[in-house]
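Observations on chain architecture
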Amino acid sequence: MKKLLSLLLVTCVLFSFSACNLNYLDAETTSTTKEQTTEPEIELCGPYDVVRVVDGDTIIIDLDGQKTRVRFANIDTPESVAPEDTGKVNTEEGVEASDYTKNLLPSGSKVYLEYDEKRTDKYDRVLAYIYLEDGETMIQRLLLKDGMAKVYNDHNNTRYTDEFYRLQDGAKASGLGIWKDSSNG
């Protein structure tokens, strides 16, 4: 009887060990396959209500009951509402970019945020990649693709930098938005 119990115990241990190894190898293979065929998984926070659009690259959202200013990570649109004392110049392209964002994000619409390395800028604005309510459409991609923004690398947020430059280059080559006049380059 003791031999039978010992044999049964050894068999169970070996079976468990084999099953763990198979699961590990399967997970490793799946992981490698995923890395080669899909984008990295992103973590979205939200949805949050849009209170208002400030300009082409800044919105105010209701973040857990607080009106919070959110700056679109990794892009910059021309100025449209800069106070005179900043030395920045408001432009027609800035108004166009602001209107573009207002059309995408009317007050009361919902957005999701994706964070990168740096979560706030020197003005204490939240930095994030902004997604429409579908959770798939990123605002930065739309603004760059349609020539409403330039890539901006001042925040150590580089997750999409290469892609953003490709989108910007496409808009430049097509002469869209701010790229209509080659002096903006």
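This text goes with the structure placed above it.
This text gives an overview of the structure that appears in the document. All values reported here derive from a predicted model rather than from experimental measurement. (Residues numbered from 1 in each chain as written. Predicted model: local features only at pLDDT ≥ 70, side-chain atom pairs only at ≥ 80, totals over all residues. Heavy atoms only, no water.)

1. Details of the pattern of salt bridges
What the rule picks out here adds up to nine salt bridges. With its nearest N and O atoms 3.6 Å apart, the salt bridge here joins Asp57 to Arg71. Placement of the pair is Asp57 in the loop between β1 (45–55) and β2 (58–63) and Arg71 in strand β3 (residues 66–72), with a sequence separation of 14 residues. Its relative accessible area of 3% is what places Asp57 among the buried residues. On the accessibility criterion, Arg71 (4% relative accessible area) is buried. Here Asp76 makes a salt bridge to Arg71, at a shortest N to O gap of 3.1 Å. Beyond isolated ion pairs, a larger network of salt bridges with shared partners links Asp57, Arg71 and Asp76. (Salt bridge = Lys/Arg side-chain N within 4 Å of Asp/Glu carboxyl O. Helix = DSSP H or I, 4+ residues; strand = E, 2+ residues; numbered from the N terminus. Buried < 20%, exposed > 50% of the residue type's maximum accessible area, 1.4 Å probe, protein only.)

2. Section: the packing of aromatic side chains
With the rule as written, the count across this model stands at three aromatic pairs. Ring centres 5.8 Å apart and planes at 20° place the aromatic pair Tyr160 and Phe164 in the stacked group. Looking at Tyr160, the relative accessible area reads 8%, which means it is buried. Chaining the aromatic ring pairs together yields one cluster made of Tyr129, Tyr160 and Phe164. (Phe/Tyr/Trp six-rings, centres within 6.5 Å; stacked < 30°, edge-to-face > 60°.)

3. Examining the side chain of Thr101
Structurally, Thr101 can be placed in helix α2 (residues 92–104). Setting aside residues up to four positions removed in sequence, Thr101 forms contacts with Val53, Asp55, Gly56, Ile59, Phe72 and Leu143. (Contact = heavy atoms within 4.5 Å.)

4. What about the side chain of Thr68?
Examined against the element boundaries, Thr68 turns out to sit in strand β3. For Thr68, the side chain forms a polar contact with the main-chain oxygen of Gln66, separated by 3.2 Å. Ignoring sequence-local partners within four residues, the contact set of Thr68 consists of Ile59, Ile60, Ile61, Leu63 and Val126. (Polar contact = N/O pair within 3.5 Å; in protein donor to acceptor, adjacent residues only side chain to side chain.)

5. Quick word on the pairing of β2
Counting buried positions along β2 yields five of six residues, so the element is predominantly enclosed. Relative to β2, β1 runs antiparallel, the two sharing five bridges. In the sheet register, Arg52 faces β2, and the bridge partner there is Ile60. Counting the residues in the hairpin turn of β1 and β2 gives two residues. Two successive antiparallel strands, β2 and β3, enclose a turn made up of two residues, where Asp64 displays a positive phi of approximately 55°. (Pairing = 2+ DSSP bridges.)

6. Side note on the nonpolar core
Counting 32 residues, the largest nonpolar core has Ile59, Leu105 and Ile130 as the members making the most contacts within it. Elements supplying a minimum of two residues to this core: β1, β2, β3, α2, β5 (110–114), β6 (126–131) and α3 (139–145). When residues in this core are grouped by element, the largest group, five residues, is from β6. Contact partners of Leu105, with chain neighbours within four places excluded, come to Val50, Val53, Ile59, Phe72, Val111, Ile130, Leu132 and Ile139. (Core = buried A, V, L, I, M, F, W, Y, C linked by side-chain atoms within 4.5 Å.)

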